[in-house]
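# An overview of the molecular structure
Below, each chain spelled out in residue letters.
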Amino acid sequence: MKNCHKLENWLSWMDELSLNDYVIIDNFLDPNRLEQIQSFFKSHHDAFTKAGVGALTDNIVREDIRGDYTFWLDRKRDSDLNEIWSLIDETIFIYNRYCFLGLSGYEFHLAHYPKGGHYSKHLDQFNNRNNRTISVIIYLNKKWQKGDGGELEIFLKDDTSILVEPIESRCVMFKSAVLPHAVLASNKPRNSLTGWLLNQPSTLGQLFG
Ligand code: OGA
Ligand code: NI
């Protein structure tokens, strides 16, 4: 495997994740990968659909809970994203090799919040489906500035919270079942690649969202 990140970097990111339940990594994408995902995003903009809440048949649109539009990725169909898939492979390999997480799958979508969109406080788990282990979000917003809103608020175990600005090429990973989080109302369109590393095959089939 052609490694994207140095092992020593991965080891310190994994240390942080195990200590704090989250890690923030700036400049996670090299220029090549960034370009690949940005141009894919642009060319698929018309294919996004309104995101819902809940898995499978429980999936319903609730504008009061989340206001984003998503486009689920498919590795076979979306082979233009080869560099992104290889980065996901590397991430899963490292977690399994050094954290013994036993990850066996993943699901990723592109997400677009129009101006004013938000996502209320939630856990990345569903009542009837709890195989999401690590949440991974990579932001794709050029020149994000204070006042643009759209921060990811992560609620920590000690009842404090942190705000993460969705700046381009920043990656946030956190333990899906542990940390509640929210997206504050965004004053500008806000784009990301968001996914989950799964600890068992997604036997319930494709998730609609
Ligand atoms: C989600 C989510 C956070 C973000 O899609 O479940 O919490 O910062 N996204 O986009
Ligand atoms: Ni979430």
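The rules behind these values
- Residues numbered from 1 in each chain as written.
- Chains lettered and ligands numbered in written order.
- Predicted model: local features only at pLDDT ≥ 70, side-chain atom pairs only at ≥ 80, totals over all residues.
- Heavy atoms only, no water.
- Pairing = 2+ DSSP bridges.
- Helix = DSSP H or I, 4+ residues; strand = E, 2+ residues; numbered from the N terminus.
- Axes fitted to C-alpha atoms, helices over the stretch in contact; angles between N-to-C directions.
- Buried < 20%, exposed > 50% of the residue type's maximum accessible area, 1.4 Å probe, protein only.

### Observations regarding the sheet that holds strand E5 (residues 119–122)
One key point about sheets: their strands pair by backbone hydrogen bonds, in either a parallel or an antiparallel sense. The antiparallel open sheet is built from four strands, whose spatial order is E5-E10-E7-E8. At either margin of the open sheet sits one strand with a lone partner, and together these are E5 and strand E8 (161–164). On average, each strand axis in the sheet is tilted by 15° relative to the strand beside it, whichever way the strands run.

### A word on the pairing of E8
Pairing of strand E7 (residues 152–155) with E8, which is carried by four bridges, proceeds in the antiparallel orientation. Among the inter-strand pairings, glutamate 153 is bridged to a residue of E8, identified as leucine 163. Hairpin remark: E7 followed by E8, antiparallel, with five residues in the connecting loop; positive phi at aspartate 159, about 70°.

### Quick notes on unusual backbone geometry
We note that aspartate 21 has phi near 75°; this positive angle belongs to a residue other than glycine. Structurally, the position occupied by aspartate 21 is in the loop between helix H1 (7–20) and strand E1 (22–25). According to the relative accessible area criterion, aspartate 21 is buried, its value standing at 7%. Although it is not a glycine, phenylalanine 100 adopts a positive phi angle of roughly 55°.

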